[in-house]
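What follows is the residue order along each chain.
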Amino acid sequence: MKRLFILLIAAAILNLGALSQSFAKIDRKAAAESVKAEFLHAWNGYKKHAWGNDDLKPLSKSHHNWYAEPLLMSPVDGLDTMYIMGLRQEADATREYVKKTLNFDKDLSVQKFEIVIRLLGGLLSSYQITGDKELLKLADDLGRRLLPAFESPTGLPYKHVNLRTGKVSTPISNPAETGTLLIEFGTLSKLTGKPIYYEKAKRALVETYKRRSPIGLVGTRINVETRQWTNTGSHVSAEIDSYYEYLFKCWKLFGDKQCKAMWDDSIIAINKYLADDVNGELWYGHADMVTGKRTETTWGALDAFFPAILALSGDLDRAKRLQDSSFKMWNFHGIEPEVYNYKTGQVEHAGYPLRPEIVESTHYLYQYTKDPKYLAMGKKLWDDFVKHCRTDAGYAHLKSVVTKEKNDAMQSFVLAETFKYFYLLFAPDKTLDFRNVVFNTEAHPIKRTWE
Ligand code: DMJ
């Protein structure tokens, strides 16, 4: 076992070495074309085998729906990627289909967070790209149907809400789900002139922040009716991650000074209690929100968004070091696991559901540094991604990054995020005005102009 670990470390070091040699070799144009072609491969798989449903099942060549009726997750999530890639005809046809088919008047109890980041975010960014008022109308209708979720005694939203009746359920939530709403609801307010959306989502973000511990950390689970934490584990991973992302991004997008102050305060605690320097490498582990005591030394595919936020907030030094750590994690098995123990080198959750976060951070670091190292890094990620996840009908999750066995799923965020960030990394900078958009957590770019 020890020998295997040493061999894996050696392989990872060789990979970093190979990376620095290959800077000059990246043909950005060819790489961007290849990403576009593979996006179309995945999209055509969806169209052929899952059209009208939420997601493609790429092994059985069938479909998956989140609820009893489809809500067009893949078409709405993938739409702005088509426009960004210049696939105008395909995008226009998809937009017409969405307008004709999507109807939120359904007796479905939906998970508000996922609906907000994928559907509300997707409709708003595609509205900004096309100016098609029907998309804004759909977004407004959806936003209105989600508003009852905020009617808890604390203003922290319930996890589920029925789109037709407004009935809420599931009071145990988490910072990611109570605090990842303001980009979308705030944008809806700016674009419709209805302040209620901004107010409700902002209050939820502030209430989450107010519940931080005396040392400045938030936990993993919170009861929205009682304000009590039911899990005090603190980290930047699943169930917390995008809460921090939105603190900074809402300052960027709306110039909201309170969001900036909440971020400034939070990042001090994150760097003090979660950052973990291990033999010169920077990782961020888990700690108890009350005591600050280290509880886990794990990092994973979801956490890999954090270098992007560090870079965005101006901390390029930590961003670069952390990105090197994520890349090291990726290279142990030629693709990253969901959870990796950076102290023991063990994979703790071996799945890879085609996550975009490491690509997102590579894109941000390239934008801020223009260091060709990040193009080479992205190319390695891309080649591995295609090699291990491509199927004849699309792209498939991996059950295990160790065995590379596939799973019959292709979530919509692959179309919204993974392909988009790969494309933006390689495509000419003029493709998207990076400095003047803010991406929601599902990679839907929102422009800072409100027309
Ligand atoms: C996406 O839905 C979003 O990026 C979310 O913030 C986290 N999980 C997936 C991608 O991994």
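### Some remarks on the overall build of the protein chain
- Helices and strands together make up the secondary structure of the protein chain, namely 16 helices and 20 strands.
- Here the protein chain has a C-alpha radius of gyration of 21 Å; the compact-globule value for 451 residues is 22 Å, and the two agree.
- Each principal axis of the C-alpha distribution contributes one length, and for the protein chain these read about 60 × 55 × 40 Å.
- Per-residue burial for the protein chain yields a buried fraction of 61% across its 451 residues.

### Regarding the pattern of salt bridges
- Throughout the structure, instances matching the rule amount to 38 salt bridges.
- Note that D92 and R95 form a salt bridge whose closest N and O atoms lie 2.9 Å from each other. Here R95 and D92 lie together in helix α4 (residues 88–101), a separation of 3 residues that amounts to about one turn.
- The salt bridge involving D324 is made with K373; its shortest N-O contact spans 2.9 Å. A residue pair is termed long-range when its members are at least 10 positions apart, and D324 in helix α13 (residues 316–333) and K373 in helix α15 (residues 373–389) qualify at 49 residues.
- Relative accessible area serves as the criterion here: at 27%, D324 is assigned to the partly exposed category.

### Notes on the site of the ligand
- Around the ligand lies a shell formed by I117, R118, L302, R355, P356, E357, F413, E417, T441 and E442.
- T441 places a side-chain nitrogen or oxygen 2.8 Å from an oxygen atom of the ligand.
- Within the side chain of E442, an N or O atom sits 2.6 Å from an oxygen atom of the ligand.
- Starting from 290 Å² of accessible surface for the ligand in isolation, the protein chains cover 92%.

### A few points about the packing of aromatic side chains
- Evaluation of the coordinates by the stated rule reveals 29 aromatic pairs.
- Look at W283 and Y340: their rings are 5.8 Å apart centre to centre, the planes differ by 45°, and that puts the pair in the tilted class. Placement of the pair is W283 in strand β11 (residues 281–284) and Y340 in strand β15 (residues 339–341), with a sequence separation of 57 residues.
- Owing to a relative accessible area of 3%, Y340 belongs among the buried residues under this scheme.
- Aromatic pair W382 and F419: ring centres 6.2 Å apart, planes at 70°, arrangement edge-to-face. Note that W382 is positioned in helix α15 and F419 in helix α16 (residues 413–426), a separation of 37 residues in sequence.
- Relative accessible area serves as the criterion here: at 2%, W382 is assigned to the buried category.
- Taken together, F39, W382, F385, Y395, F419 and F422 form an aromatic cluster joined through their ring pairs.
- Lying over the aromatic face of Y209, R212 brings its terminal NZ or CZ to 4.0 Å of the ring centre.

### Let's talk about the pairing of strand β10 (residues 275–278)
- Relative to β11, β10 runs antiparallel, the two sharing 4 bridges. In the sheet register, D276 faces β11, and the bridge partner there is W283.
- Between the antiparallel neighbours β10 and β11 lie 2 residues, among them N279 with a positive phi of about 50°.

### A short note on the sheet that holds strand β12 (residues 286–288)
- Taken together, the 3 strands give an open sheet; going across it, the order is β9-β12-β13, and neighbouring strands pair in antiparallel fashion. The strands lining the two open edges of the sheet, one partner per strand, are β9 (233–234) and β13 (294–296).
- Sheet analysis places β12 next to β13, joined by 2 bridges and oriented antiparallel. Residue pairing for β13: A287 is matched across the bridge by R294.
- Lying over the sheet, helix α11 (residues 257–274) contacts β9, β12 and β13, oriented at roughly 100° with respect to β12.

### Focus: the domain arrangement of the protein chain
- For the protein chain, the assigned domains are domain 1 (26–65 + 297–443) and domain 2 (72–279).
- Placing the centre of domain 1 and that of domain 2 at their C-alpha centroids yields a distance of 21 Å.
- The partner domain 2 presents 39 residues to the 46 residues of domain 1 that form the contact.
- Of the roughly 3600 Å² buried between domain 1 and domain 2, counting both surfaces, carbon and sulfur atoms make up 64%.
- For the domain 1 face of the interface with domain 2, the top three residues by lost area are W43, V438 and T441, together amounting to 15%.
- Linking domain 1 with domain 2 are 4 salt bridges, by the criterion used here.
- A salt bridge links R321 to D277; its shortest N-O distance comes to 3.1 Å.

### Here we look at the environment of A275
- Within the fold, A275 resides in strand β10.
- A275 sits 33 residues away from A308 along the chain, and the two C-alpha atoms are 15 Å apart.
- In contact with A275, other than residues within four places in its own chain, are I270, L282, W283, Y284 and R294.

### A closer look at the nonpolar core
- Ranked by internal contacts, the top residues of the largest apolar core, which has 148 residues, are F185, Y284, F306, F385, F419 and F426.
- The element that contributes the greatest number of residues to this core is α16, accounting for 10 residues.
- Viewed by domain, this core spans two of them, domain 1 (26–65 + 297–443) and domain 2 (72–279), each represented by three or more residues.
- Beyond its immediate sequence surroundings of up to four residues, F419 is in contact with V35, E38, F39, A42, M85, W382, F385, Y395 and V414.

Here is what the cut-offs are and how they apply
- Residues numbered from 1 in each chain as written.
- Predicted model: local features only at pLDDT ≥ 70, side-chain atom pairs only at ≥ 80, totals over all residues.
- Heavy atoms only, no water.
- Helix = DSSP H or I, 4+ residues; strand = E, 2+ residues; numbered from the N terminus.
- Rg over C-alpha atoms; globule rule 2.2 N^0.38 Å.
- Buried < 20%, exposed > 50% of the residue type's maximum accessible area, 1.4 Å probe, protein only.
- Salt bridge = Lys/Arg side-chain N within 4 Å of Asp/Glu carboxyl O.
- Near = heavy atom within 4 Å.
- Polar contact = N/O pair within 3.5 Å; in protein donor to acceptor, adjacent residues only side chain to side chain.
- Areas by Shrake-Rupley, 256 points an atom, 1.4 Å probe, with all protein chains shown as cover.
- Phe/Tyr/Trp six-rings, centres within 6.5 Å; stacked < 30°, edge-to-face > 60°.
- Lys NZ or Arg CZ within 6 Å of the ring centre and 35° of its normal.
- Pairing = 2+ DSSP bridges.
- Contact = heavy atoms within 4.5 Å.
- Axes fitted to C-alpha atoms, helices over the stretch in contact; angles between N-to-C directions.
- Domains from an automatic or database assignment.
- Buried area = accessible area lost by both parts, 1.4 Å probe.
- Core = buried A, V, L, I, M, F, W, Y, C linked by side-chain atoms within 4.5 Å.

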